[in-house]
Amino acid sequence: MDISLINLIPLLMAASTPILLAGLGELVVEKSGVLNLGVEGMMITGAITGFMAAVATGSPTLGFLGGAAGGAALALVFGALTQGLMSNQVATGLALTLFGLGLSALLGQAFVGLKPPVTPDLPIPGLSQLPVIGPMFFDHDLMVYFSLFAVAAVWAFLRYSRPGLILRAVGENHAAAHALGYKVTRIRLMAILFGGAMAGLGGAYLSLVRVPQWTEGMTAGAGWIALALVVFAAWRPFPLLIGAYLFGGITVLQLNMQAAGVNVPVELLSMSPYLVTILVLVVMSAAGAAAGAPGSLGRPFHASR
Amino acid sequence: MTSTDDLLVIEGVTKAYPGVVANSDVSFRIRKGEVHALLGENGAGKSTLVKTIYGLVTPDAGTMVLDGLRYAPSEPSAARQAGVAMVFQHFSLFDALTVAENIALGMETPPKRRVLARQIREVSEAYGLPLSPHRRVGDLSAGERQRVEIVRCLLQDPRLLIMDEPTSVLTPQEVEILFRTLRQLSSEGTAILYISHKLDEIRAICDTATILRHGKVVGDCVPSQTSARDMAEMMVAAKLDTPVKHPGTPGAEVLSVDGLSLPAASQFGTALKEIGFSVAKGEILGIGGVAGNGQDELFAVLSGETRTAPDAVTFDGRPVGRLGPHERRAIGILSAPEERLGHAAAPDMSLTDNALMTAALRMKLAPGGWIDWAGVKGYAETVIKAFDVRTPGAHTAAGALSGGNLQKFVVGREVMQAPQLLIVNQPTWGVDAAAAAHIRKALIKLAEDGAAVIAISQDLDELMEISDRITAICDGRMVRPRPAQGLTMNDLGLMLGGRDPEEEAVA
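None of these values were measured; they are calculated from a predicted model.

What counts, and at which threshold
In this numbering scheme, every chain counts its residues from 1 along its sequence in written order. Key to labels: chains lettered from A, ligands numbered from 1, both in the order written. Where local features are concerned, this predicted model is filtered to residues with pLDDT of at least 70; where side-chain atom pairs are given and counted, the filter is 80 or more; whole-chain, interface and lining totals use all residues. To get the side-chain values, take all heavy atoms of the structure and skip hydrogens and water. For helices the rule is a DSSP run of H or I covering at least 4 residues; for strands it is a run of E covering at least 2, with both sets numbered from the N terminus onward. Burial here depends on accessible area, computed with a 1.4 Å probe over protein chains only, as a share of the maximum for the residue type. Under 20% is buried, over 50% is exposed, and the range in between is partly exposed. For the purposes of these results, a polar contact is taken to be a pair of N or O atoms within 3.5 Å, where, inside protein, one atom must be able to donate a hydrogen and its partner to accept one; residues adjacent in sequence count only when each atom of the pair is a side-chain atom. Points on a 1 Å grid over protein atoms alone make up a cavity when a 1.4 Å probe fits among them but cannot get out, and a pocket when they form an open set with protein on both sides within 12 Å along at least five of seven lines; lining residues each have an atom within 4 Å of a point. Grid points are joined across faces, edges and corners, and a volume is the space filled by probe spheres set on the points. Only Asp, Glu, Lys and Arg are considered charged in this grouping, and only Ala, Val, Leu, Ile, Met, Phe, Trp, Tyr, Cys and Pro are considered nonpolar; every other residue, Gly among them, is considered polar. Axis definition: a line fitted to C-alpha atoms, limited for helices to the stretch in contact. Angles are taken between N-to-C directions and run from 0 to 180 degrees. Left-handed is the label given to a crossing in which the near helix is rotated counterclockwise from the far helix by less than a right angle, and right-handed is the label when the rotation is clockwise. Whether two residues are in contact is decided by their heavy atoms, any of which lying within 4.5 Å being enough. Any two strands with at least two DSSP-identified bridges between them are counted as paired.

Residues and elements named next belong to chain B. Topologically, Thr 352 is positioned in helix α11 (residues 351–359). Since its relative accessible area comes to 8%, Thr 352 is described here as buried. In this structure the side chain of Thr 352 is engaged in a polar contact, spanning 3.0 Å, whose partner is the backbone oxygen of Ala 394.

As structure tokens, this is what we get:
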């Protein structure tokens, strides 16, 4: 039986990376006071645009950039509708998911069955030679490192930088931020674009590394998990990381258990990542409930009065 | 002609919105180091003018000159750079952020965190406004929150400080502290533009006053040499009759609350502790207190939104603690909550719809479950007429009315249903002098006609004006009610702090 930590950890890090990237993007969007329920749509759009770019150029790096661009382009639609035309964020986000699923299926018709260029692993010199720890943590592809770096970067940005402070202020009380002269709509648009790019990266990671090929609807609800993680992590980057790895870990574990033929109904195993993640995060968020949601989350903002 | 004493000269400022001219040819000047009052009813154009000075609104015409230089801020940061700072009426603070973070957001180029924290301590102590930089703003009292705003302004060495209704949420003691700070600032040469409805305060602190009506300057005066009544009449251009209270003999006890304790509903709520009092027919009981000390919780218990043990609240000798608002209305207990939009009225629905919502039962507007729309409209129009609600008609959305007019409607809607007991929370909060007088008169009239009234208010002058007896609530406890006659402001201040003035006198 092949269930040991040394095998499990690298797998779970890779399995968690898509929802971690998408969740991190959505965290920043929600911190700015915008609720974008279109994560799933942006992810799948990123998955196909990234796949197309990688296949066309033969470069996985350009593929990831293409994925980010695709996700951001879809986010721009959301931003224009909700920030420019004041449409309802919940309805627009849901529509964005449906739109993204349809658009990606259309774009992907010619790409079914193709193989993308291989994304190379980048073992970190020295560290990856360490026994046990080396293969577990320091022998991954670029995006896994990037996602971890992004967690720390988002945390530091929100906590210590002035733009991060302004972003939090806009999300907390947009009327007050406006009264102080901050450009609420512009700041939110930038956050929305960042969220779209991150969701697109997450999607591209699925189609270029995890699977790796294009199939219709391949995100299979990962965007919704990312959304839920943001709430349960109480809008904090490190708990989000824990939540994403927990989900990824149990996904990998239950797959290995299924493969090993453990005597538990398969349905129960398939259910387990969702159940355990939600349970653990509910306990976590109950403990740290004081943080709470951004005060202006999901509320439309009119500058005029 | 501009003298060197003038800090800000405003000439012919005009701003029109679709349908209304908010400011029309407004001209006045503020001298260096003076405290200048801006007076006017709700909707007279004060806030538009202030927003123009602070760069939030661009005027259609007119010029401003700040210290000899042309001044046309395109945005608040330009105003701040020019030395104009503003403390907002509804605090522009971020609850989830710390004091230091809030202050940094209001500065153009904030220093490093540690330096800023030290500056906050220094400035706040220099002006007698102690403040800890690392506390979360959401946990602060109203007075402390205002300090955050003031310190934020002071850190930028403003030449002109704009204060919009600064005292509406403060205790008398906190007002004293604020006034000391303002006098200190003014003696150091900072000019202050002070906006308030409270004419006594303006008389106490302001050097000059400019009065606005319907967007135009209609006069100026020296507040210390003008009576509050004269200023109020200039604001409304009409004779103002102050409600007069005729103390009568109270009738039989109608409502009593006994041993009421209630845990806080949320982290930010206040627990009620051992509250007991009673109200008699024909009596107005005033309940004072600084916001957040349990008024909202007590109101919810009295109106029936929060249910209690049956015996905790008795009405006409019968336990009503378990009855909801609807059942209480049926037996004559009516209430008008504080929050006009969203609690007392549904903002996007018409006045007719809003009239139906609380009056359906007592005015029989929905016989057999079918709405009698003609009757509802008639009732809404009766309220509009009787309470002089200025609106195009009963079909207007509640949210489109000015605060004062909507408040008249909300209170009127209950008063016209002839309650046995009316509970009002902050009956004239944010309402101009004329509308406030109207509402107070209606409450007094209601009591004279035999109803009992409980008025929860932060406005001590209002409590003194209308109440027969006054009590106060502090940290969820109520002090013993005392007859209003003979109470001094000092007594009231002690009561707001949860102390009994008589016991203090003995001690």
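So, about empty space enclosed by the protein. Residue and element names in this part refer to chain B. Taken as a whole and judged by the stated rule, the model has four cavities of 30 Å³ or more. In terms of lining residues, the largest cavity is bounded by Leu 129, Gly 143, Gln 146, Arg 147, Ile 150, Leu 170, Glu 174, Ile 177 and Leu 178. Among the elements of the structure, α5 (142–154) and α6 (172–187) are those that each provide at least two residues to the lining of the largest cavity. The biggest single contributor to the lining of the largest cavity is α5, with four residues. Here the lining of the largest cavity is composed, by residue class, of five nonpolar, two polar and two charged.

Looking now at the layout of surface pockets. Each pocket or cavity is described by its volume, and for the second largest pocket that value is around 1,000 Å³. For the second largest pocket, the lining is made up of 35 residues, of which A:Leu158, A:Arg159, A:Arg168, B:Leu97 and B:Glu101 are closest to its centre. Considered class by class, the residues forming the lining of the second largest pocket number 20 nonpolar, five polar and ten charged.

Take the packing of helix α2 (residues 39–57) of chain A against helix α3 (residues 60–84) of chain A next. Any two packed helices are characterised by how steeply their axes cross, that is the angle between the axes, and by the distance between the axes. All names here are of chain A. The geometry of α2 relative to α3 is characterised by a closest axis approach of 7 Å and an angle of 145° between their N-to-C directions. The crossing of α2 and α3 is right-handed. Along its contact with α2, which presents Gly 41, Met 42, Thr 45, Gly 46, Thr 49, Gly 50, Ala 53, Ala 54 and Thr 57, the element α3 presents Leu 62, Gly 63, Gly 66, Gly 67, Gly 70, Gly 71, Leu 74 and Ala 75.

Residues other than glycine seldom take positive phi values, yet A:Ala234 does so here, at roughly 55°. Tracing the backbone through its elements, the reader meets A:Ala234 in the loop between α10 (222–232) and α11 (237–260). One non-glycine residue, B:Ala418, lies in the positive phi region at around 50°. Mapped onto the secondary structure, B:Ala418 falls in the loop between α13 (403–415) and β17 (421–425).

Our focus in this paragraph is the sheet that holds strand β9 (residues 208–213) of chain B. All names here are of chain B. Read across the sheet, six strands follow the order β6-β7-β8-β3-β9-β10 without closing on themselves; strand pairing throughout is mixed. For this open sheet the edge positions go to β6 (84–87) and β10 (216–221), each flanked by a neighbour on one side alone. If you compare each strand with its neighbour and ignore which way they point, the axes differ by 20° on average. Pairing of β6 with strand β7 (residues 160–164) involves four bridges; the strand directions are parallel. Across the sheet, Ala 85 pairs through a bridge with Leu 161, a residue of β7.

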